[in-house]
Amino acid sequence: MSDAAVLIVGAGIAGATLAVLLADAGVPVTLIDHRPSPPAPTSGQPLDARVSAIHAAAVGLYERLGVWSRLPAGRQAPFGRIEVWDAGSAGRIGFDSAQVGQPWLGRIVENRSLLAALHGRLREMSAAGVLAPATLADWRVDERGLTAGLGDGRELTAQLLVAADGAASPLRERAGLACVHDDFGQSALVCHVATEHAHADTARQRFLPTGPLAFLPLADGRCSIVWSTNPGEAQRLAQLPEEAFARELAGAFDHRLGAVTAVDERRVIPLRGLEAERYLGPRLALLGDAAHVVHPLAGLGANLGIGDAAALAHQLVRAHRSGRDLGWVETLRPYERGRRSENLPVVQAIRGLQRLFRADNAPLRALRGFGLLAVDRIGPLKRLLTAAACGLTDPALRA
Ligand SMILES: Cc1cc2nc3c(=O)[nH]c(=O)nc-3n(C[C@H](O)[C@H](O)[C@H](O)COP(=O)(O)OP(=O)(O)OC[C@H]3O[C@@H](n4cnc5c(N)ncnc54)[C@H](O)[C@@H]3O)c2cc1C
């Protein structure tokens with residue numbers, strides 16, 4: 001393999017999206033991951049428990065890059081409405097894609113199908129190389145570039161190293177980039193369920209005192225649930241017999257979709273948040289969950305990483321075309337400045353929401369109820385929030 005201008009470690013949604021964006025613009029890029037590239041799911045293979053709500057602006061980006069058309073129809077589905085309500089007050093709010101003239105707000109997609117589509121697209125691109133499985137053992141930088149040593153003894157040179165290696169980011173840790181950590185004190189139980197009533201292409205979330213419970217609409221008529229609650233309770237729910245779990249789940253969801261009639265394999269994922277104080281080190285840029293991890297209540301983590309990828313690609317493609325060094329701090333600073341000012345308010349707003357909805361005292365419950373109903377009635381504010389739900393407010397994703 002010839003050496004690349006950019007070496008990306010971590011082929012999750014953020015890293016693989018950046019690789020496609022760069023290769024699409026002719027910037028030589030190598031993507032490495034310690035896990036093998038995900039194979040495309042075979043027809044009839046059950047839908048994996050991990051799915052994501054990808055907003056309309058990110059779907060638009062994937063359409064332009066020739067990624068979205070690779071997704072099998074049964075593994076992604078649109079949602080046109082969002083309904084949110086509070087168990088502790090009369091507060092409720094709804095969003096509809098028609099409010100911003102869009103056919104839908106976003107699409108629920110199986111994570112492994114999206115990854116397989118990204119990797120399939122990369123295989124067609126002559127500017128992209130993928131090494132998976134492969135590990136980065138170490139790297140050293142000088143004024144001309146960086147040299148990366150792989151676990152198998154090979155060496156690669158590049159101008160920039162991108163850490164897209166997830167929340168635990170070994171690269172971020174090794175570079176000594178500090179983070180503010182947030183222990184939500186919650187785990188998310190995820191699984192797919194069938195319900196008595198149709199989901200009507202609507203994503204729904206009920207805020208319980210223990211955490212939010214979301215039902216996301218799937219292409220096969222079932223819903224994917226994300227039930228965030230304290231870790232002990234999540235384990236208890238995961239171990240309940242199927243019928244008892246179905247009864248508790250339907251009750252916790254206010255029977256909004258009637259009875260829960262079938263339950264798939266349940267999985268429990270611990271939830272922790274973080275925000276890196278800097279996104280840049282010497283010839284190093286953080287991307288996606290390596291830079292920020294948010295609570296899944298807003299379904300935004302992957303979307304923020306896709307926005308990061310678009311913003312970083314924008315700077316790198318410009319620098320490549322004008323012959324500038326891609327690892328130069330002046331090339332990268334607009335990325336850090338732009339994305340931190342875009343991501344930080346989102347991280348803080350989600351943290352604030354998570355705390356507000358867990359607070360169980362009467363004045364705060366009343367404030368929540370009043371606030372949700374008020375926002376629901378203020379047309380311009382609601383349109384702005386609906387546009388944000390579609391990703392239309394992220395400057396990096398404007399077509
Ligand atoms: C329950 C739940 C529901 C969610 N729902 C949504 C949603 O609806 N919408 C949304 O936008 N977001 C959602 N998210 C958030 C979303 O899943 C993450 O933000 C997103 O997957 C992060 O992508 P990433 O590429 O940054 O990191 P990751 O997906 O963690 O990818 C990191 C990659 O780096 C690789 N790696 C790690 N270490 C090394 C190493 N040392 N060497 C080489 N490779 C390495 C890993 O193998 C992996 O492939 C949800 C999260 C949870 C927990």
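Above this text you will find the structure in question.
Residues numbered from 1 in each chain as written. Predicted model: local features only at pLDDT ≥ 70, side-chain atom pairs only at ≥ 80, totals over all residues. Heavy atoms only, no water.

Q: Mind showing me how you'd approach the pattern of salt bridges here?
A: Opposite charge on two side chains permits them to pair, given that their charged atoms come into close proximity. Taken as a whole and assessed by the stated rule, the structure comprises 26 salt bridges. Close ionic contact of Asp48 with Arg267 constitutes a salt bridge, the shortest N to O distance being 3.1 Å. With a gap of 219 residues between them, Asp48 in the loop between β2 (29–32) and β3 (51–55) and Arg267 in strand β18 (residues 267–276) connect regions that are remote in the sequence. Assessed through its relative accessible area of 19%, Asp48 is described here as buried. (Salt bridge = Lys/Arg side-chain N within 4 Å of Asp/Glu carboxyl O. Helix = DSSP H or I, 4+ residues; strand = E, 2+ residues; numbered from the N terminus. Buried < 20%, exposed > 50% of the residue type's maximum accessible area, 1.4 Å probe, protein only.)

Q: Sorry if this is basic, but what is going on with the sheet that holds strand β4 (residues 76–79) here?
A: Through backbone hydrogen bonds, the strands of a sheet pair up, either in parallel or in antiparallel fashion. The strand order across the open sheet formed by three strands is β3-β7-β4, and the pairing between neighbours is antiparallel. Each edge of the open sheet is held by one strand with a lone partner, namely β3 and β4. The average angle at which neighbouring strand axes cross in this sheet is 25°, direction not considered. Bridge count for β3 against strand β7 (residues 106–110) is five bridges, and the pairing is antiparallel. (Pairing = 2+ DSSP bridges. Axes fitted to C-alpha atoms, helices over the stretch in contact; angles between N-to-C directions.)

Q: How do you make sense of helix α6 (residues 242–252) when you look at a structure like this?
A: Because the α-helix completes a turn every 3.6 residues, residues three or four places apart line up on one side. Turning to α6, its buried residues are Phe245, Ala246, Leu249, Ala250 and Ala252. The buried residues of α6 occupy one face: seen down the axis, they fall within an arc of 160°. Turned more than 90 degrees away from the buried face of α6, the exposed residues are Glu243 and Arg247. Contact partners of the buried residues in α6: β13 (179–195), β14 (202–208), β15 (211–217), β16 (223–229), α5 (231–239) and β17 (260–263). Just past α6, the residue Asp254 takes up positive phi, approximately 65°. (Arc of directions from axis to C-beta. Contact = heavy atoms within 4.5 Å.)

Such coordinate-based values are descriptive only and should not be taken to indicate function.
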